[in-house]
Amino acid sequence: MSDGPILSARDVSIAFGAVRAVDGVSLDLWPGEVLAVVGESGSGKSTLLRLLAGEARPDAGTVLYRDPSGATLDVHGMGEPARRRLARTEWGFVHQDPRDGLRLAVSAGGNVGERLMASGARHYGDIRTEAARWLERVEIPAARIDDAPRLFSGGMRQRLQIARTLVTRPRLVFMDEPTGGLDVSVQARLLDMIRALVADLGIAVILVTHDIAAARLLAHRLVVMRHGRVVEEGLTDRVLDDPRHPYTQLLVSSVLAA
Amino acid sequence: MSGYNFAYLDEATKRMIRRALLKAVAVPGHQVPFGSREMPLPYGWGTGGIQVTASVIGADDTLKVIDQGADDTTNAVSIRRFFARVAPGLRTTERTAEATVIQTRHRIPETPLREGQVLVYQVPQPEPLFRLEPRRAETRRLHALADYGLMQVKLYEDIARHGRVGSSYDHPVMVNGRYLMSPSPIPSFDNPKMHRSAALQLFGAGRERRLYAVPPYTEVRSLDFEDHPFVPLRANGRCSLCGAGDSYLDEVVTDDRGGRIFVCSDTDFCTQRQTMREAAE
Amino acid sequence: MSWTLKAEGLAKGFTLHLQGSIEIPVLRDAALEVSPGECVALSGPSGAGKSTLMRLLQGNYGADSGCILLRRPDGSVADLAGASPREVIALRRDTIGHVSQFLRVIPRVPAVEIVAEPLVARGISREEARARASALLHRLNLPERLHALPPATFSGGEQQRVNLARGFVADFPLMLLDEPTASLDAANRDVVIALIGEAKARGAALVGIFHDAEVRDRVADRVLEVAPLREAA
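Rules used throughout
- Residues numbered from 1 in each chain as written.
- Chains lettered and ligands numbered in written order.
- Predicted model: local features only at pLDDT ≥ 70, side-chain atom pairs only at ≥ 80, totals over all residues.
- Heavy atoms only, no water.
- Contact = heavy atoms within 4.5 Å.
- Buried area = accessible area lost by both parts, 1.4 Å probe.
- Salt bridge = Lys/Arg side-chain N within 4 Å of Asp/Glu carboxyl O.
- Polar contact = N/O pair within 3.5 Å; in protein donor to acceptor, adjacent residues only side chain to side chain.
- Helix = DSSP H or I, 4+ residues; strand = E, 2+ residues; numbered from the N terminus.
- Domains from an automatic or database assignment.
- Axes fitted to C-alpha atoms, helices over the stretch in contact; angles between N-to-C directions.
- Parallel < 35°, antiparallel > 145°, perpendicular 65-115°, else oblique.
- Left-handed = near helix turned anticlockwise from the far one by under 90°.
- Nonpolar A, V, L, I, M, F, W, Y, C, P; charged D, E, K, R; others polar.

Asker: Whenever I open this one, the interface of chain C and chain A confuses me. Can you help?
Answerer: By convention, interface size is frequently given as the accessible area that disappears when the constituent parts associate. Between chain C and chain A, the residue contacts involve 25 residues of the former and 27 residues of the latter. Both faces considered, chain C and chain A share a buried interface measuring about 2100 Å² in area, 50% of it formed by carbon and sulfur atoms. Along the contact surface separating chain C from chain A lie six salt bridges. At the junction of chain C with chain A, the criterion picks out 13 residue pairs in polar contact (both at pLDDT 80 or more). Among the secondary structure elements, those contributing two or more residues to the side of chain C that touches chain A are strand E1 (5–16) and helix H2 (85–94) of chain C.

Spelled out as structure tokens, the structure:
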């Protein structure tokens, strides 16, 4: 691990009318670390993710990203061209609904290849080989490389989205309820896949989820949010096994054998 | 048509269009909005090209108009007749070499253009990302950020489906290494003629209200892959009239028993060759 | 020789906010020092706080006060009680080995990978880690055909052997053993006793809860009584 956080948020806030959706949140994410943000619907966790990823602008606070050269970049001050370049190279975003993260009319291979092409790849054969490799890696038969994701099941689509996101080996990936809309049996397979890929590639991840079991499986560290604020944070198993805040105790006690 | 200003458009409109054209020349390949006027022809008949031509043409110019390479098709004839009526003193020609302004639909003449000539393209859809990204605001953003991965995805899909970089016409180009541009529906055979052309190339889309330009000697590269390079396509054959083996050919059905011949799509080019051949005989 | 683990003034209680915020004190002023090569058995009636102490030593529970000093393989000393989450993770990677009573099964991950994981985390190649993991599973009499299967469907005893192998595969300076032989037969119990003996011989410090008196007598150098707080007070 290098010597500083890859992403640092300080006092990040945003209000929608009278609702303080995110209220003074600070957090650090270290290279290779998986940080889960848990909380119930409306706790502000997805909004926080969008603020951290630069997809929405906070009313107050800063988000700093440290690039591979060690330079610190202000996510909301860098301008859209720079942020978009980051978003398609060093960062990735996995949406809850794969339809938001995929091009449904473009073949699986084209979906995986897009980020490669966007970052300059111009050799069709190489792009295709790499796409096929990633399909296999997310357990989609390479023979389906020319099929459009329209024809895929929900679980396959989500795995395709993950391949499409990870193909450029991003350093930082934002995940918004990646197992959200899936059957339980499909969820387990996906979670395990994410766990293995993230560990193998050493990716730093901010994972927003309301699934405590997913957080326990994937995350090194946990942030518990409620009403836009962080009420508790720490080592994942300590927060879940030794919760201090009343809300965390409620959250943990409402889950069966997390 | 007396009572009209020279070349139909009033001087204020021409000035507005010329300003837009100057901007387009200054930023090669970039689409510049302009206030497209009602013209006495319907959209789809080259109203964008006509407005551009009207704005740049003078009484000492010589105008050539082609449609699919031919000077004698309805569209070309009516536009040429229109300018002859509304631009007193303007000479018209069918000879590429004699023209100072050439308005075209879907072709670039075979005869190489020279400095001082202006080629005006009629453009139905100026946005090369149109089929891939329907949101105009988003395509503008993609151009601003030179974020053209999406276009490459389309070419990838063409190869995956058809085995080759697909479009036989309107094949997208990168202009000056910066802007992705639609060359208008010219055959991909003509794309290489745009590259470092000595002529000024102007593009007008009337319905879409956009202008763009490629100044002389500008780099125009057709999009492709390293291992699937862009190949300009033409029918494999010779012109039955002039014998040319290197021009773009139209297929002509000669009878109802499947008989067909190829002839040059560029009628002026073909005529010149036939004249030369007769003179030689 | 100097200690590997030195805990002092440890206190731990729980506030149950969902039950009228009642306070349950469990440990107060607990202390423990373990030297390299020494095995300390925690003893006391159930509910006295043995498991709580074990969890504090593992970093799973946070101490209310006190310190838990650990000597890392490079000789430096870290205080687990005040460590940041990243430091706790690093300590678990290079210093604290842990054999819990129950295996936390990760879906779809084969037994041999679960065992090899602590080695891989230290940067040992996957092949070597797998080979060492497989050898240890063999030693614990887990049939070869099970190595490549996820342990979700294993019996209690098989799961415990996977857990033991995972704890013993990487030479941790400190080993925490929570009922390591509870569901084992006599032959495997002997293997565990041998493993503990080898760990002591290489200089590991061990802390364990052993309900099996025979095992405890054979491995423990010392017994630490953990007394229930209310009686002690």
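Don't stop here, the text continues.
Asker: Before we go on, may I ask you to explain the domain arrangement of chain B in this structure?
Answerer: All names here are of chain B. Here chain B is partitioned into domain 1 (11–222) and domain 2 (234–281). Once you take the C-alpha centre of each, domain 1 and domain 2 turn out to be 26 Å apart. Interface area, domain 1 with domain 2, both sides summed: about 980 Å², of which 48% is carbon and sulfur. When the area that domain 1 buries against domain 2 is broken down by residue, the three leading residues are Arg-95, Glu-110 and Phe-189, summing to 46%. Summed over the shared surface of domain 1 and domain 2, the result is one salt bridge.

Asker: Help me understand the packing of helix H3 (residues 111–121) of chain C against helix H6 (residues 156–168) of chain C in this model?
Answerer: Helix-helix packing: each pair is described by the crossing angle between the helix axes and the interaxial distance. All names here are of chain C. It is at 7 Å that the axes of H3 and H6 come closest, and there the two elements cross at 25°. By the angle class used here, H3 and H6 are roughly parallel. Here H3 runs over H6; the crossing is right-handed. Along its contact with H3, which presents Ala-111, Ile-114, Val-115, Glu-117 and Pro-118, the element H6 presents Val-162, Ala-165 and Arg-166. For the contact of H3 with H6, a count of residues per class yields six nonpolar, no polar and two charged.

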